[in-house]
Amino acid sequence: MKAQEYTIKLLKIEHLDKEYYSFDFSKPEGFEFVEGQFGVFTHVNKVMEGKPFRAFSIASTNEEPFLKIATKITSSPSEFKQRLLNLALGEEVILRAPMGDFKYDETQKAVFIAGGIGITPIRSIILSMKRLNENRLDTLIYSELESTYPFSSELESTKKLEVFYSADIEPTQKLITDTINIYQNKALYYLSGSPGFVKGITELLKVHGILETKIIYDVFVGY
Ligand SMILES: Cc1cc2nc3c(=O)[nH]c(=O)nc-3n(C[C@H](O)[C@H](O)[C@H](O)COP(=O)(O)OP(=O)(O)OC[C@H]3O[C@@H](n4cnc5c(N)ncnc54)[C@H](O)[C@@H]3O)c2cc1C
């Protein structure tokens, strides 16, 4: 589906844990995307410091009746995020979507590696797998330095996934090298997170012989 512009309305804000928040918006009629894609969200009629738009991965699936995004909002947020948090229910934002190539290849074993909020497109892909006719077990390595793992119970409820958590860099690297030792280049490695996270994990994968063609990236430029 080609990216188009839509006006959507806020349905719900949820404080997930610590600095993590999710936002559900109305889904435009007929809107379809491939799980893993993102959109650009723009505040309407608001003058603000910096850009009035940000890219966010769509964390919901096509089956869910809303569009979910999730983000980290610190105690001194950008004006964009402050205004996101201050949106009233029913208030409108502009969405340009869908975009991006972070898409699941159901023909190959998947190793998902999420850095913190990088879990958003992976939630979308993994929850959509419920409807895929797949017998294979995929792997998720979920790394979060503050030991909080948004969406973990939903992810664990899917039967076709083994989930490993890590709250530090070294254990994350160990989980990844253990996984490489098992699957090597017989899996696709899906990396999602900040540019620093994705760069570091890419180097680790390559040092251990994983081919560039076996790595799929979703880089959250801006973090
Ligand atoms: C394809 C794609 C998908 C993405 N998906 C997601 C997603 O699902 N969830 C998500 O959270 N992000 C996602 N991002 C990143 C997102 O677009 C933002 O760039 C990111 O959330 C940071 O936004 P911000 O408003 O907090 O920081 P920005 O205002 O963009 O600032 C960038 C940096 O400056 C710092 N900064 C900002 N304001 C201040 C201030 N007042 N004082 C001091 N420092 C400041 C911030 O800490 C940040 O490190 C995605 C990006 C891309 C390209």
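Up top is the structure.
Residues take numbers from 1 onward in each chain, read along the sequence in its written order. Selection of residues for local features in this predicted model requires a pLDDT of at least 70, selection of side-chain atom pairs for listing and counting requires 80 or more, and totals for whole chains, interfaces and linings are taken over all residues.

Here we come to the environment of F41. With respect to the element layout, F41 can be found in strand β3 (residues 38–43). Judged by local crowding, F41 falls into the buried class, with 23 C-beta atoms found within 10 Å. In this structure, the C-alpha to C-alpha distance between F41 and D218, residues 177 residues apart in sequence, is 17 Å. For F41, the contacting residues outside a window of four places in its chain are F53, R54, F56, V93 and L95. Where helices and strands are cited, they refer to DSSP runs of H or I of at least four residues and of E of at least two residues respectively, numbered from the N terminus. Any residue whose C-beta has 12 or fewer other C-beta atoms within 10 Å is treated as exposed, any with 20 or more as buried, and any in between as partly exposed, C-beta atoms being built from the backbone. Remark: residues whose backbone-derived C-beta atoms lie within 7 Å of one another are considered to be in contact.

Time to look at the site of the ligand. For each residue, a C-beta position is placed from the backbone atoms; the residue is near a molecule or strand when that point lies within 6 Å of it. Surveying the vicinity of the ligand reveals 20 residues, the closest of which are S57, T71, S78, T120 and G222. When contributions to the shell around the ligand are tallied by element, the ones reaching two or more residues are β4 (53–57), β5 (66–72) and α1 (79–85). In this classification, Asp, Glu, Lys and Arg are treated as charged, Ala, Val, Leu, Ile, Met, Phe, Trp, Tyr, Cys and Pro as nonpolar, and every other residue, Gly included, as polar. Looking at the shell around the ligand residue by residue, the classes come out as 9 nonpolar, 8 polar and 3 charged.

Structurally, the position occupied by T213 is in the loop between α5 (195–207) and β11 (215–219). The exposure class of T213 is exposed, given the 8 C-beta atoms found within 10 Å. Distance in space between the C-alpha atoms of T213 and N185 is 9.3 Å, their sequence separation being 28 residues.

In this section: the nonpolar core. As used here, a nonpolar core is made of buried Ala, Val, Leu, Ile, Met, Phe, Trp, Tyr and Cys residues. They are joined through C-beta atoms within 7 Å. Among the nonpolar cores identified, the biggest contains 48 residues, and F112, I113, I122, L140, Y189 and Y190 are the most heavily contacted of them. In this entry, domain limits derive from an automatic or database-based domain assignment. In this structure, this core is formed jointly by two domains, domain 1 (4–99) and domain 2 (109–219), each of which donates at least three residues. Look past the residues within four positions of L140 in its chain and what remains in contact with it is F112, A114, I122, I126, L155, L161 and V163.

In this section: the environment of G116. Note on placement: G116 falls in the loop between β7 (109–115) and α2 (119–128). Spatially, the C-alpha atoms of G116 and Y20 are 9.5 Å apart, while their sequence positions differ by 96 residues. In this structure G116 touches E144 and G193, once residues within four positions along its chain are discounted.

Moving on to helix α4 (residues 169–183). Working rule for helices: expected span equals 1.5 Å times residues minus one. For α4, with 15 residues, the first-to-last C-alpha span of 21 Å sits near the 21 Å given by 1.5 Å per residue. Where α4 is buried, its residues contact β7, β8 (138–143), β9 (161–166) and α5. In the segment just after α4, Q184 is the residue with positive phi, at about 40°.

By themselves, these are just geometric observations and shouldn't be taken as functional.
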